[in-house]
Amino acid sequence: MKNKNTTSRLLHFPVNTRESPPNLQVAAENRVQKMTEYREEQTNEIEALESIYPEELTVLTREPCHCFTITISPQENEEETENRISCTVQFTYTEKYPDEKPVTEITDTDNLEDDHIDSLLELMNKEAEENLGMVMVFTLVSAAQERLNEIVDELKERQEEEKLRKEKEIEEAEKKRFEGTHVTIETFLAWKAKFVEEIEREKKKRSIGQPGTKKLTGKELFMQDHTLDSSDVQFLEEEGDSVQVDESLFQDLDDLDIDDED
């Protein structure tokens, strides 16, 4: 019976609902005011960014939220004519930006590797987390540009290492050419055998015509070297008409005792 009375009192407990409509209206008004403030902050930031990046920034849409791209290049790119790097970052505001992070994407790159792109996105996301509640696009772009400067240094270092490696390979190849073959017992014995063989061959060539060997007759010489046939004729042709013959040498040939040979 006691429990029944308690339940009855709970059912008849007065509920005050007269303040709800004003509270909802105030909340709605506050929300509209806050969204207006977000919109103003976003518009002001866009105007500032357009003055800072007049050539790099491109506005894609303004409604319902701003969406734009900024092309980022390292500062050293101004002096670099080869292996130039850059990236284009797309930012999209949310309704509650800057209390929320902008949607950040890299839509285009030039000479950047996948790990470079990942490091850029990770860096900008970290910077966005640390700057919630403040307009932050300039901060994100500056951080990305600094990272690109580091990437340029990394690429230069890598190229220098590759250049030194190739130079060392060429130097080692040249050194090997002048060093010749490394001598071992096996290679020396093989060389010695070949050398002895060549010496013996040379000795055989030189032994021809040396004492103790058969001397060739004139006929055999003519048979082996046919150029001797024309040597006298060639001599006469070279001398021409200037050749003189002493006829006295041929007088009194009958007084000479010459044996006929078969």
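Residues numbered from 1 in each chain as written. Predicted model: local features only at pLDDT ≥ 70, side-chain atom pairs only at ≥ 80, totals over all residues. Heavy atoms only, no water.

Next up on the list: the pattern of salt bridges. Under the defined criterion, the tally for this structure stands at 10 salt bridges. For Arg-147, the salt bridge identified is with Glu-150, shortest N-O distance 3.2 Å. Of this pair, Arg-147 and Glu-150 both sit in helix α4 (residues 137–179), 3 residues apart, which is roughly one turn of that helix. Note on Arg-147: relative accessible area 15%, which makes it buried. In this structure, Arg-201 engages Glu-197 in a salt bridge whose closest nitrogen and oxygen atoms are separated by 3.8 Å. Note that Arg-201 and Glu-197 are positioned in helix α5 (residues 185–206) at a spacing of 4 residues, about one turn of the helix. Its relative accessible area of 48% is what places Glu-197 among the partly exposed residues. Salt bridges here are not isolated pairs; linked through shared partners, they connect Arg-147, Glu-150 and Glu-154. (Salt bridge = Lys/Arg side-chain N within 4 Å of Asp/Glu carboxyl O. Helix = DSSP H or I, 4+ residues; strand = E, 2+ residues; numbered from the N terminus. Buried < 20%, exposed > 50% of the residue type's maximum accessible area, 1.4 Å probe, protein only.)

Take the state of the cysteines next. As enumerated under the stated definition, the model contains 0 disulfides in all. Free of any disulfide, Cys-67 has its nearest cysteine sulfur in Cys-65, 9.8 Å distant. (Disulfide = S-S within 2.5 Å.)

Locating Leu-148 in the fold gives a position in helix α4. Between the alpha carbons of Leu-148 and Ile-85 there is a distance of 7.8 Å; along the sequence they are 63 residues apart. Contact partners of Leu-148, with chain neighbours within four places excluded, come to Ile-72, Ser-73, Pro-74, Ile-85, Cys-87, Leu-112 and Leu-120. (Contact = heavy atoms within 4.5 Å.)

Turning our attention to helix α3 (residues 114–130). With 17 residues, α3 should cover 24 Å at 1.5 Å per step; its first-to-last C-alpha distance of 25 Å lies within 8% of that length. Within the span of α3, buried status applies to His-116, Ile-117, Leu-120, Met-124, Glu-127 and Ala-128. End-on, the buried residues of α3 take up no more than an arc of 105 degrees, which puts them together on one face. In α3, the exposed positions angled more than 90 degrees off the buried face are occupied by Asp-114, Asp-118, Glu-122, Lys-126 and Glu-130. (Expected span 1.5 Å × (residues − 1). Arc of directions from axis to C-beta.)

What follows is about the confidence of the model for the chain. Overall, the predicted model of the chain reaches an average pLDDT of 79, with 66% of residues at or above 70. In the predicted structure, residues 1–13 sits below a pLDDT of 50 and forms 0 contacts with residues beyond four places in sequence or in another chain. (pLDDT = per-residue confidence, 0-100.)

If you trace the backbone, Val-89 turns up in strand β3 (residues 86–92). You can call Val-89 buried: its relative accessible area is 0%. In sequence terms Val-89 and Thr-71 are 18 residues apart; their C-alpha atoms lie 6.3 Å from each other. Ignoring sequence-local partners within four residues, the contact set of Val-89 consists of Phe-68, Thr-69, Ile-70, Ile-72, Thr-104, Glu-105, Ile-106 and Met-124.

Note on placement: Gln-90 falls in strand β3. Owing to a relative accessible area of 17%, Gln-90 belongs among the buried residues under this scheme. Residues in contact with Gln-90, not counting those within four places in the same chain, are Leu-60, Cys-67, Phe-68, Thr-69, Val-103, Thr-104, Glu-105 and Thr-107.

The next subject is the pairing of strand β1 (residues 57–61). Bridge analysis of β1 against strand β2 (residues 67–72) gives 4 bridges, and the strand direction is antiparallel. Paired with Leu-57 across the strands is Ile-70, a residue of β2. Hairpin connection between β1 and β2: a loop of 5 residues separates the two successive antiparallel strands. (Pairing = 2+ DSSP bridges.)

Core analysis: the largest hydrophobic core is formed by 29 residues, its most contacted members being Phe-68, Ile-70 and Val-137. Going through the elements one at a time, α2 (20–52), β2, β3, α3 and α4 are the ones with two or more residues in this core. Residues in contact with Ile-70, not counting those within four places in the same chain, are Tyr-53, Glu-56, Leu-57, Cys-87, Thr-88, Val-89, Phe-91, Val-137 and Val-141. (Core = buried A, V, L, I, M, F, W, Y, C linked by side-chain atoms within 4.5 Å.)

Attention now goes to the packing of aromatic side chains. Taken as a whole, this structure holds 6 aromatic pairs when the rule is applied. Taken together, a centroid distance of 5.5 Å and an interplanar angle of 70 degrees make the contact between Phe-68 and Tyr-93 edge-to-face. Pair noted here: Phe-68 is in strand β2 and Tyr-93 is in the loop between β3 and β4 (103–110), with a separation of 25 residues, a long-range link. Residue classification places Tyr-93 among the buried positions, given a relative accessible area of 3%. By the ring-pair criterion, three or more aromatic residues cluster together here, those being Phe-68, Phe-91, Tyr-93 and Tyr-97. (Phe/Tyr/Trp six-rings, centres within 6.5 Å; stacked < 30°, edge-to-face > 60°.)

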